[in-house]
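Structural description and commentary
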Amino acid sequence: MKRRDFLKNSALAAAGSLFVPVFMKPFEALALDELSPYKNLVVVQLSGGNDGLNTVIPFGNDIYYQKRKSIAIKPEDVIKLNDMQGLNPNLGALREIYDQGWMTIINDVGYPNPDRSHFRSMDIWQTGSDSNQFLSTGWIGRYLDSNCETCKFPYTAIEVDDSLSLALKGNSKKGIALKDPNTLFRNTNEAFFKQVLNSSKDHLDEDNLGYLYKTMVETSSSANYIQQTSKIYESKATYPNSGFANQLKTVSRFISSGLKTKVYYVSLSGFDTHVNQLQQQGNLFKQYSEGMAAFLNDLKQHDKLNDTLVITFSEFGRRVEQNASNGTDHGTANNLFLFGGRLKKQGIYNNAPNLSDLDNGDLKYQVDFREVYGTILDNWLDVSNQQILTKKFQTLDFI
C-alpha cells in the first residue's frame, strides 16, 4: 500500500464516524466576549411520518370518528385544549408545558404537490425545496454558508447522532455530528490519531491528504473546545431513560454551558404506523413528551428557555381514513409543534383541519412549511429567508 493511501485510511479509521468536516478556529483563539449567550434553535425530527390527527385530536368533529372506527382516540381520553382539539393522552407530559405558554401548535403544515415517499419528502423538508426541485444542500447548511454574524464561530450546528443529516450540509460549511463529547475528545487524543495527524502534515501538497489533514486538525480542535466548554456544566435535572431524552439532555448540557452553537438537531424514529398504530404511536409519544418536558423545564431552571426555540416536524402526516390493519397510510399535511419561552402566539395557532374538504382523502395544507422556516430565519436567526430559501416566503406571527 502506498504511504498516502495508508495515511488516508488510517486517519479515517481513527476518526471513524466523527470524521465530519467542520469550520472553526482553535479553542484557544476564542475571545471572552465571544462566549456571551445568544439564541438557540433546536430541531426535532419525528421520522416515519407521524399521524397528526391522532396527535392533536379533532374530537369535536364527528368525521374523525367516522373515518377511524377502531383507532380514534375517545373524547373522554383526549387532553382537551379547546372545544375542537386536544392532545393524545400519551402526550400528557406536555399539558403543563402548554398551560405555561411554552407551546404553539400549527395545524395543516405542508407544501404544494406533496410527495408521499419517506425519502423524497424528508429531502424536501430538510432542503426547503419545492416538490419538483432537487437540492444538494440543507436549509440549515445554507444558513451556515451565509455571512451571518455568528456563523464564523465553531460548532454553529451540531447533530446529536452518529451521522449528519442533509439539513445541516451546505456548500462550503457543514455542521458536525456527535453523540458524546467525551468520546470525541478521547478518540482525537489517542496516540494513534496524533501520529497519523503528524504524518499527514508532511503531505499538505497532496490534495486528498491536505484536505484530510485540515479536517483532522479541525476535528481535534473542535473536540477540545466542546469537551473543555461543556464539562463545566452537569445537569441535575431528572430525564427519562430513553435515547431521545439522552439526546435532549446533551443539548441542554451544551446550551447551559455556553457552547457557541446556534442550531441543534435531534430525532426520534418509528412513526411509520401502517399496522396497530395505537400502541406504537402511544409508546413513542410517551418518550417524546416526557423527554421534551424534562428538557424544557431544565432550560427554564437555568434561565435558558427564553433563548431557545424548539421546532418539531415530521416529513408528512397520514391519510384521514384508517386502513384495514388498524393503522394509517402515508398522507400529506400535518401539525407542527413549537416550544420556547418567547412565543408570541401560544396555544393553537390556526384553525383545526377541515375534514370535510379533502384532497383525494388527504388534508389540504394551510401553511407552507417554508413560511415557518422563513419566520425562524428572519426573526430568530437574524438572516434573510430569501437568501436561504432561494425565494421570499411570508413570515408568521409566532415569535
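Owing to the predicted nature of the structure, the values given are computational and were not obtained by experimental measurement.

Per the secondary structure count, the chain includes 12 helices and 12 strands. Counting over 399 residues, the chain shows a buried share of 58%. Contacts in the chain between residues far apart in sequence, at least 24 positions, make up 73% of those at least 6 positions apart. Surface accessibility of the chain: about 16,500 Å² in total, with carbon and sulfur atoms responsible for 46%.

Looking now at the packing of aromatic side chains. Within this structure, the stated rule accounts for 11 aromatic pairs. Look at Trp125 and Phe369: their rings are 4.5 Å apart centre to centre, the planes differ by 25°, and that puts the pair in the stacked class. On the criterion of sequence distance, the pair formed by Trp125 in helix α4 (residues 118–127) and Phe369 in helix α11 (residues 369–379) is long-range, its members being 244 residues apart. Residue Trp125 is classed as buried on the basis of its relative accessible area of 3%. Of the residues examined, Phe369 reaches a relative accessible area of 0% and is grouped as buried.

So, about the confidence of the model for the chain. This prediction gives the chain a mean pLDDT of 86; 80% of its residues lie at or above 70. The model gives residues 1–37 a pLDDT under 50, and that stretch makes 80 contacts with residues more than four places away or in other chains.

This brings us to the pattern of salt bridges. Within this structure, the stated rule accounts for 14 salt bridges. For Arg68, the salt bridge is made with Asp51, and the minimal N-O distance between the two is 2.6 Å. Of this pair, Arg68 sits in the loop between α2 (62–67) and β3 (79–80) while Asp51 sits in the loop between β1 (40–47) and β2 (56–57), and the two are 17 residues apart along the sequence. Classification of Arg68 by relative accessible area gives buried; the value is 0%. In this structure, the salt-bridge partner of Lys344 is Asp397, at a minimum N-O distance of 2.9 Å. Residue Lys344 is found in the loop between β10 (334–340) and β11 (347–348), and its partner Asp397 is found in the segment after α12 (385–389); the two are separated by 53 residues along the sequence. Note on Lys344: relative accessible area 53%, which makes it exposed. Among the ionic contacts, a cluster of salt bridges with common partners joins Asp130, Asp368, Arg370 and Lys391.

Next up on the list: the packing of helix α9 (residues 243–256) against helix α10 (residues 277–301). One way to put it is that α9 packs onto α10 with a least axis distance of 9 Å and a crossing angle of 15°. Considering the angle they form, α9 stands roughly parallel to α10. Considering only the axes of α9 and α10, their crossing is right-handed. In contact with Phe244, Ala245, Leu248, Val251, Ser252 and Ile255 of α9, α10 contributes Gln287, Tyr288, Gly291, Met292, Phe295, Asp298 and Leu299.

Let us look at α4. The buried count for α4 comes to 8 of 10 residues, which makes it a mostly enclosed element. Taken together, the buried positions of α4 are His118, Arg120, Ser121, Met122, Ile124, Trp125, Gln126 and Thr127. Just past α4, the residue Gly128 takes up positive phi, approximately 75°.

Taken in spatial order, the 3 strands of this open sheet run β2-β4-β3, and their pairing is antiparallel. Edge strands, defined here as strands with exactly one partner in the open sheet, are β2 and β3. Both β3 and strand β4 (residues 86–87) contribute to a ladder of 2 bridges, which runs antiparallel. Residue pairing for β4: Ile79 is matched across the bridge by Leu87.

Attention shifts here to the nonpolar core. Within the largest apolar cluster, 48 residues are counted, with the highest numbers of intra-cluster contacts made by Leu87, Leu94, Tyr288, Met292, Phe295 and Phe339. For this core, the secondary-structure elements that each account for two or more residues are β1, α3 (95–99), β5 (103–110), α8 (207–230), α9, β8 (263–269), α10 and β10. When residues in this core are grouped by element, the largest group, 9 residues, is from α10. Discounting chain neighbours no more than four positions away, the residues touching Leu87 are Thr55, Val56, Ile57, Val78, Ile79, Leu81, Leu94, Met103, Ile105 and Phe337. Counting 43 residues, the second largest nonpolar core, distinct from the first, contains Val109, Val263, Tyr265 and Leu343.

So, how was this worked out
Chains are numbered independently. Their residues run from 1 in the order of the written sequence. Owing to the predicted nature of the model, reporting of local features is limited to residues with pLDDT of at least 70; listing and counting of side-chain atom pairs is limited to 80 or more, with chain, interface and lining totals taken over all residues. Side-chain metrics rest on all non-hydrogen atoms present in the structure, leaving aside hydrogens and water. Strands are runs of DSSP state E lasting at least 2 residues, helices are runs of H or I lasting at least 4, and numbering of each runs from the N terminus. Exposure is judged per residue with a 1.4 Å probe applied to protein chains only, and the accessible area is read against the type maximum: over 50% gives exposed, under 20% gives buried, and values in between give partly exposed. In this description, contact between two residues means that some pair of their heavy atoms is separated by no more than 4.5 Å. Areas reported here follow the Shrake-Rupley algorithm with a probe of radius 1.4 Å; residue values treat only the protein chains shown as occluding. Paired rings are identified among Phe, Tyr and Trp, the last through its six-membered ring, by centres lying within 6.5 Å, and are further divided according to the angle between planes into stacked (under 30 degrees), edge-to-face (over 60) and tilted (the rest). For every residue, the predictor assigns a confidence score, pLDDT, that lies between 0 and 100. One side-chain nitrogen of Lys or Arg within 4 Å of one carboxyl oxygen of Asp or Glu is enough to make a salt bridge. For helices, the fitted axis covers only the stretch in contact; all axes are lines through C-alpha atoms, and the angles between them, taken along N-to-C directions, range from 0 to 180 degrees. Oblique is the label for any angle not under 35 degrees, not over 145, and not in the 65 to 115 range, which are roughly parallel, roughly antiparallel and roughly perpendicular in turn. Left-handed is the label given to a crossing in which the near helix is rotated counterclockwise from the far helix by less than a right angle, and right-handed is the label when the rotation is clockwise. In this analysis, strands are considered paired if DSSP registers two or more bridges between them. Take the buried Ala, Val, Leu, Ile, Met, Phe, Trp, Tyr and Cys residues and link them wherever side-chain atoms come within 4.5 Å; each set so joined is a nonpolar core.

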